[in-house]
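Spelled out from the first residue to the last, the chains are:
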Amino acid sequence: MLDSPDNYRIEYRSVGKQFVNIQSTGNHDEFIIAVKEVDLAVRDGEVVSLIGPSGCGKSTLLNMGSGLYQPSAGDIYVDEERVDRPNAHVGFMLQKDLLLAWRTIRKNIEFGLEIQGVPAIIRNERSSELLEKCRLSGFEEHYPHQLSGGMRQRAALARTLAADPSVLLLDEPFSALDAQTKMILQQDLAETLAAEKKTALFITHDLAESVALSDRVFVMSQRPGTIIEEIDIDLPLRENPLARRHDWQKDVAVYVTRLMELLHVGELASEVEI
Amino acid sequence: MSDQTKAKPNGIQGGIGASIAVAVVFLIGWEWGPGFFNIPPYIIPPASSVYFEFFHAIEKENLFFHTGITLLETIAGFIIGSLMGMIIGYILGISPKAEFVFSPYILALQIAPKVAFAPLFVVWFGFTVYPKILVAVLIVFFPIMVNVLGAIRTVDPDMVNLARTFNATRWQIFKMIEFRDAMPPLFSGLRIGATLAIIGVAVGEMVGGSEGLGAVLIFGGGSGNTALTFVAIIMLTVVGILAYVAVVLVEKRVLHYLPRSEFNSI
Ligand SMILES: Nc1ncnc2c1ncn2[C@@H]1O[C@H](COP(=O)(O)OP(=O)(O)OP(=O)(O)O)[C@@H](O)[C@H]1O
Ligand SMILES: [Mg+2]
């Protein structure tokens, strides 16, 4: 495997982050250490999931990767450039679709390009292409409230892809969707990522989703969060998660069980038992 | 069960019918009620005498001239007050520091009854249109500023972050997100402002000068022509409704992208 650093699209080097504790009193700590000593690298074209207990700092890691805020310790590199502010290499997508209610779907997809000053003709070409690819043709002149949750999230993905980022950072993009819509969107995303050869770092709480969609899974500890395990998913069909789930059911189940053990899901469940 | 299938159109027609019935009962009560209770016409003139006074006032008192003056002052006060409310609201919304510095003074001004400034403005500007416009400006300013300020403050920070991940400048964030996101609350403020502008103008006219519906109102009251004061009140209401409807029409155009249910029909 090529593992020279220049093959990394995004790389976290001993990254730490602490926040000022707002409720800080005499007997509380002055800082909340969200994450510490995180080393993590994603190779070109790879899709990597990040899982961990709630509040362990996953979103914090992604926000730092997108340049929204700075690490307190360590550095993050995207395409070998140190990330010190938001930049066009990184695309960002959240659980909320964040579509702008006053823009049509087409205008929403073009939002990032418009900010970056891309001329209207090129914007239009690009959005037409993505409307097609994200199966939103016919809805370009609709407003967000006229679309279903799944379609809105597809539009958000199209908006992220429109700026042609080399790394996608996805923070639980499907967790607000119903089970069926979610599987369809996972399929869409996996196909798109494979077809466009995009690199992605993907946060999820759905263990099966992480196994179905990724090449590798990083497991984080409770806060202060750090990477406790890195698991290679040695299964084919990353571009087709439905088939992966179906044809490799047993292996997927084994990986999921392994992840459950690492996250102590069983023990936590028995603790809260009545 | 054929009753039920027709229930809806019948319901609406019934509603309109009931509204008209209320108007008829009201007019009948107004016309014959005062006589029935022995209330003299200089206290409550019957509906018909107000109706005739309306035509009389058009000829003898130049009613439409005064209405026009009031309408123009209302429009001027409303537009200037809204623009100032918007500008200050945006600035304070974007700069927490500015809000911190100015908020005590703004609060004090907001609590002060603005119409009480009317006599002072007359002293400053004489019997011109300016004191009237100025009172309207003061009254209109606050609800709009408060709504805009609150709306800018509550813009979803994730939305701003989204723009930031595309490397948006501060101006782009304002123009493409904050300004647009604050539109619906802005229009609620403009609706309130449209109904308040007429109050400021009427008070200004009542305090000083001989032009406008407020002056007509005072003249009618002073000369014992109660019917004329009723005419003036009705015309003031008409001007207020015109301003309000104008705002609602603009709002419907600008906020066309909102789902129907988020519209207030009134
Ligand atoms: N801006 C902030 N200021 C202060 N503390 C913060 C801030 N952002 C996050 N934190 C704290 O950092 C910790 C990690 O938060 P983060 O949102 O990264 O967790 P997460 O792993 O994404 O959780 P979840 O799975 O629930 O989304 C939390 O304890 C949170 O309270
Ligand atoms: Mg999170």
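What you see is a predicted model; the values in this text were computed from it and never measured.

Here's the deal with the overall build of chain B
So, step 1. A tally of regular secondary structure across chain B gives 12 helices and 0 strands.
So, step 2. In chain B, the succession of α and β elements from N to C terminus is α-α-α-α-α-α-α-α-α-α-α-α.
So, step 3. Relative to the compact-globule value of 18 Å for 266 residues, chain B shows a C-alpha radius of gyration of 23 Å, a clear excess of over 25%.
So, step 4. Reported as C-alpha extents along the three principal axes, the dimensions of chain B are approximately 75 × 70 × 30 Å.
So, step 5. Taken over 266 residues, chain B has a buried fraction of 40%.
So, step 6. Within chain B, contacts between residues separated by at least 24 positions form 73% of all contacts whose residues are at least 6 apart in sequence.
So, step 7. Total accessible area computed for chain B in this model is approximately 14,700 Å², and 73% of it derives from carbon and sulfur atoms.
So, step 8. Side-chain charges in chain B split into 15 positive and 15 negative, and the spacing between the mean points of these groups amounts to 10 Å.

Digging into the confidence of the model for chain A
In regions of low pLDDT, the predicted coordinates are not meant to be interpreted in detail.
So, step 1. Within chain A, residue pLDDT values average 86, and 92% of them lie at 70 or more.
So, step 2. Summarising per-element confidence for chain A, the mean pLDDT is lowest in helix α10 (residues 265-271) of chain A (68) and highest in helix α2 (residues 105-109) of chain A (95).

What about the interface of chain B and chain A?
So, step 1. Each side of the interface is counted separately: chain B has 20 residues, and chain A has 25 residues.
So, step 2. Summing the contributions of chain B and of chain A, the shared interface buries around 2,100 Å²; its carbon and sulfur component is 68%.
So, step 3. Contact with chain A buries area across many residues of chain B, yet Thr165, Phe166 and Met176 of chain B alone supply 33% of it, more than any other trio.
So, step 4. Joining chain B to chain A, the criterion identifies 2 salt bridges.
So, step 5. Joining chain B to chain A, the criterion identifies 6 residue pairs in polar contact (both at pLDDT 80 or more).
So, step 6. For the side of chain B that touches chain A, the elements supplying multiple residues, two or more each, are α8 (157-165) and α9 (170-181) of chain B.

Re the pattern of salt bridges
Once their charged atoms are close, side chains differing in charge can pair, the charge on each being opposite to the other.
Residues and elements named next belong to chain A.
So, step 1. This model, assessed by the stated rule, comprises 25 salt bridges over all chains.
So, step 2. The salt bridge involving Arg106 is made with Glu141; its shortest N-O contact spans 4.0 Å. Taken together, the residues span a long stretch of sequence, with Arg106 in helix α2 and Glu141 in the loop between α4 (120-133) and α5 (149-162) at a distance of 35 residues.
So, step 3. Note on Glu141: relative accessible area 53%, which makes it exposed.
So, step 4. Asp164 is the partner of Lys198 in a salt bridge, and the nearest nitrogen-oxygen pair spans 2.6 Å. In this pair, Lys198 sits in the loop between α6 (179-196) and β8 (199-203) while Asp164 sits in the loop between α5 and β7 (167-171), placing the two residues 34 residues apart along the sequence.

Looking at the domain arrangement of chain A
Residue and element names in this part refer to chain A.
So, step 1. Looking at chain A, the domain boundaries give domain 1 (8-89 + 166-266) and domain 2 (99-164).
So, step 2. Here the C-alpha centre of domain 2 lies 25 Å away from the C-alpha centre of domain 1.
So, step 3. With 14 residues of domain 1 at the interface, the matching set in domain 2 holds 11 residues.
So, step 4. When the two sides are added together, the surface that domain 1 and domain 2 hide from each other amounts to roughly 1,000 Å², 60% of it contributed by carbon and sulfur.
So, step 5. Considering only the surface of domain 1 that becomes buried against domain 2, Leu185, Thr192 and Glu196 emerge as the three largest contributors, covering 33% of it.
So, step 6. Applying the counting criterion to the domain 1 and domain 2 interface returns 4 salt bridges.
So, step 7. Among the salt bridges present, the one from Arg154 reaches Asp188, with a minimum N-O distance of 3.9 Å.
So, step 8. Applying the counting rule to domain 1 against domain 2 returns 4 residue pairs in polar contact (both at pLDDT 80 or more).
So, step 9. Per-element accounting of the side of domain 1 that touches domain 2 gives the leading share, 7 residues, to α6.
So, step 10. Taken together, the residues that form the side of domain 1 that touches domain 2 break down as 8 nonpolar, 3 polar and 3 charged.

Digging into unusual backbone geometry
All names here are of chain A.
So, step 1. With an omega dihedral of -5°, the bond running from Arg223 to Pro224 counts as a cis peptide bond.
So, step 2. Relative to the assigned elements, Pro224 resides in the loop between β9 (216-220) and β10 (227-232).
So, step 3. Although it is not a glycine, Arg135 adopts a positive phi angle of roughly 55°.
So, step 4. With respect to the helices, strands and loops of the structure, Arg135 is situated in the loop between α4 and α5.
So, step 5. At Leu237, a position not held by glycine, the phi torsion is positive, near 65°.

A short note on the site of ligand 1
Residue and element names in this part refer to chain A.
So, step 1. The full set of residues close to ligand 1 is Phe19, Ala34, Ser54, Gly55, Cys56, Gly57, Lys58, Ser59, Thr60, Glu172, His205 and Arg223.
So, step 2. At 2.6 Å from an oxygen atom of ligand 1 is found a side-chain nitrogen or oxygen belonging to Arg223.
So, step 3. Considering ligand 1 on its own, with 640 Å² of exposed area, one finds that the protein chains cover 66% of that surface.
So, step 4. For the shell around ligand 1, the element with the highest residue contribution is helix α1 (residues 58-65), accounting for 3 residues.
So, step 5. Taken together, the residues of the shell around ligand 1 sort by class into 3 nonpolar, 6 polar and 3 charged.

Comments concerning the pairing of β8 of chain A
All names here are of chain A.
So, step 1. Burial runs high along β8: 5 of the 5 residues are buried.
So, step 2. Burial along β8 is two-sided: the face carrying Thr199, Leu201 and Ile203 and the face carrying Ala200 and Phe202 are both buried.
So, step 3. Note: strand β3 (residues 47-51) against β8, 4 bridges, orientation parallel. Residue pairing for β8: Leu50 is matched across the bridge by Ile203.
So, step 4. In terms of handedness, the path from β7 via α6 over to β8 forms a crossover that is right-handed.

A word on the environment of Thr192 of chain A
Residue and element names in this part refer to chain A.
So, step 1. On the secondary structure map, Thr192 appears in helix α6.
So, step 2. For Thr192, a relative accessible area of 11% gives the class buried.
So, step 3. For the pair formed by Thr192 and Leu161, sequence separation is 31 residues and the distance between their alpha carbons is 9.5 Å.
So, step 4. Those residues within four positions of Thr192 in sequence are excluded, and the remaining contacts are Lys133 and Leu161.

Considerations on a nonpolar patch on the surface
So, step 1. Taken together, Leu72, Ile75, Ile79, Leu83, Ile87, Ile88 and Ile91 of chain B make up a surface patch of nonpolar side chains, about 630 Å² in accessible area.
So, step 2. In this fold, Ile87 of chain B is placed in helix α4 (residues 63-94).

Reading guide: rules and limits
Residues numbered from 1 in each chain as written. Chains lettered and ligands numbered in written order. Predicted model: local features only at pLDDT ≥ 70, side-chain atom pairs only at ≥ 80, totals over all residues. Heavy atoms only, no water. Helix = DSSP H or I, 4+ residues; strand = E, 2+ residues; numbered from the N terminus. Rg over C-alpha atoms; globule rule 2.2 N^0.38 Å. Buried < 20%, exposed > 50% of the residue type's maximum accessible area, 1.4 Å probe, protein only. Contact = heavy atoms within 4.5 Å. Areas by Shrake-Rupley, 256 points an atom, 1.4 Å probe, with all protein chains shown as cover. Lys, Arg positive; Asp, Glu negative; His and termini not counted. Charge placed at Lys NZ, Arg CZ, Asp CG, Glu CD. pLDDT = per-residue confidence, 0-100. Buried area = accessible area lost by both parts, 1.4 Å probe. Salt bridge = Lys/Arg side-chain N within 4 Å of Asp/Glu carboxyl O. Polar contact = N/O pair within 3.5 Å; in protein donor to acceptor, adjacent residues only side chain to side chain. Domains from an automatic or database assignment. Nonpolar A, V, L, I, M, F, W, Y, C, P; charged D, E, K, R; others polar. Near = heavy atom within 4 Å. Pairing = 2+ DSSP bridges. Right-handed = clockwise from strand over helix to strand, strands pointing away. Patch = residues over 30% accessible without salt bridge, like charges linked within 9 Å, V, L, I, M, F, W, Y side chains within 5 Å.

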